[in-house]
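Structure at a glance
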2 protein chains.
Amino acid sequence: MTSNNSDFIVAAEGGTVTHDVQSISPRTRPATLRKRKRILDAAIDIFGNKGYANGTLADIADQVDLTHAGVLHHFGSKQNLLLEMLTYRDHTDVADLDEQHIPGGPDLFLHLVRTALVNSRRAGVVQVYTVLSAESVTDDHPARPYFESRYSTLRGQVADAFQVLCLQEGVTETAMIGPASASILAVMDGLQLQWLLHPQEIELAEASEFAIRAVVNAVLHPGPELSQYSRG
Amino acid sequence: MTSNNSDFIVAAEGGTVTHDVQSISPRTRPATLRKRKRILDAAIDIFGNKGYANGTLADIADQVDLTHAGVLHHFGSKQNLLLEMLTYRDHTDVADLDEQHIPGGPDLFLHLVRTALVNSRRAGVVQVYTVLSAESVTDDHPARPYFESRYSTLRGQVADAFQVLCLQEGVTETAMIGPASASILAVMDGLQLQWLLHPQEIELAEASEFAIRAVVNAVLHPGPELSQYSRG
DNA sequence: GATCACTTACCAGCAAGTAAGTAATTGCGA
DNA sequence: TCGCAATTACTTACTTGCTGGTAAGTGATC
């Protein structure tokens, strides 16, 4: 039989993958786990550099000295590999930032600035998110549920931080927290794209810090409307 | 001979396309021009909904009742069709906003807000830019030169508007104009992505206006640093 | 009569996935 | 501790389906 361990295929129909690479099927050899991580790293590289649609299993297999059938043995299908790769990336993200927990409250904004700084040293990770998040809006893209829930979660976390901040600063006007939360994630993403296109023109960390600060301050004190600058 | 009018293939090796659809080859019939526009519209739809790598000539041909060879007759190659489509989109953009010229000075910021509003009524255009700009950072993507020069130009225009604004408002500290210009384009792009993923959660026009205003005001009056909010 | 706007037919290449086989490793019962 | 059956980690070989591009032909239009 084409053994294809169906154990680790948990995200069958747009569902969410909840396990991590370690906990796959009861008794898997450590060498196998290591190989799977190498495949996932190769997948990050290939999907980042070529996109999901254009990157091939053979590309990934080459990087880890396997045939494309060898990759399929471990992950069952290309789509499943993509999904596993995304959660793998999420789980190792915390390690990269050597923090145990993402802070809540106003510290979250500083955390996001620090993330931008870390990201400016790992273009590969930035590229895979940039390419796949945009690709995910295309017809029936397998990564769409992932990015939908990712943005929902992140916006919620930022909005919570804003609530705490407003309370702390005695600001009662909280109507713009929603747009502001989306905007903060948006600048970060948009700057990453421009940085990938023009690495020497864009200062990712500096620009991110400036923009986040601008949005945070705007929530606390709106300032003049844009139309004020047009006549007078 | 496979007539394949090589006249209109001007962007051979990463160069820039400078003509528009009208001026293609001396004597082309009006019906032909109309058909070509239909093909370009179909290309926007397909490349927007499936990406460049994943969208096929047959997909596009179907929409205009041709075979894929018929499309190739008009545009020579898939890559050339993409490039023609991008410049076609640029040229018709002005018409969509029923303006003759993009304003300079502080009015540019209002123009950008109005653009966001117009964009919230044309998801197709938004999607094709979102998908292709991100895809363009992948290996040897044919649209990369287009997006590189697009962002350079736009950043320059926004920076110019900031210079005028600073002069007008008597602000001499212009160091953040660079990051701010990139940030404004970045929020717009980033919000579009989130809006495509969650059309009913994101208010594209409102959020864009808020964010642009935040960044513009931050250039004029920086406000407190983020770290101020973390300890009291 | 030449050019144009196509079509049909074809090709070569590539991609994901399947089937079947093989060598190594493992757990396990005696 | 040995031996063996089961499992694992692959490979090779193949199929199926699709893709962009080319060649050659055909009827309509200029």
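Residues numbered from 1 in each chain as written. Chains lettered and ligands numbered in written order. Predicted model: local features only at pLDDT ≥ 70, side-chain atom pairs only at ≥ 80, totals over all residues. Heavy atoms only, no water.

1. Structural notes on a negative patch on the surface
Taken together, the side chains of E203(A), E206(A), E209(A) and E225(B) present a region of like negative charge at the surface. Tracing the backbone shows E203(A) in the loop between α8 (177-197) and α9 (204-220). (Patch = residues over 30% accessible without salt bridge, like charges linked within 9 Å, V, L, I, M, F, W, Y side chains within 5 Å. Areas by Shrake-Rupley, 256 points an atom, 1.4 Å probe, with all protein chains shown as cover. Salt bridge = Lys/Arg side-chain N within 4 Å of Asp/Glu carboxyl O. Lys, Arg positive; Asp, Glu negative; His and termini not counted. Charge placed at Lys NZ, Arg CZ, Asp CG, Glu CD. Helix = DSSP H or I, 4+ residues; strand = E, 2+ residues; numbered from the N terminus.)

2. As for the UniProt feature "DNA-binding region" (unreviewed entry) in chain A
Per the UniProt record, "DNA-binding region" (unreviewed entry) is found at residues 56-75 of chain A. For residues 56-75 of chain A, the helix share is 75%, the strand share is 0%, and the end-to-end C-alpha distance is 14 Å. (UniProt positions renumbered as here; feature names shortened; annotations may be inferred.)

3. Structural notes on the protein's contact with DNA strand C
For DNA strand C, the set of nearby residues contains 21 residues, the closest of which are H68(A), K78(A), T32(B), T67(B) and H74(B). Within 4 Å of the protein, the contacting atoms of DNA strand C are 66% sugar and phosphate, with bases supplying the remainder. Contacts to DNA strand C include T67(B), whose side-chain N or O atom sits 2.8 Å from a phosphate oxygen. Elements represented by at least two residues in the surface near DNA strand C include exactly α3 (68-75) of chain A together with α1 (30-50) and α3 (68-75) of chain B. Residues of the surface near DNA strand C, tallied by class, amount to five nonpolar, ten polar and six charged. (Near = heavy atom within 4 Å. Polar contact = N/O pair within 3.5 Å; in protein donor to acceptor, adjacent residues only side chain to side chain. Nonpolar A, V, L, I, M, F, W, Y, C, P; charged D, E, K, R; others polar.)

4. Describing the interface of chain B and chain A
At the interface, 69 residues of chain B touch 70 residues of chain A. Surface buried jointly by chain B and chain A totals about 5500 Å² across both partners, of which 66% is contributed by carbon and sulfur atoms. For the pair chain B and chain A, the number of links is two salt bridges. For R155(A), the salt bridge is made with E201(B), and the minimal N-O distance between the two is 3.1 Å. Counting across the interface, chain B meets chain A through 33 residue pairs in polar contact (both at pLDDT 80 or more). (Contact = heavy atoms within 4.5 Å. Buried area = accessible area lost by both parts, 1.4 Å probe.)

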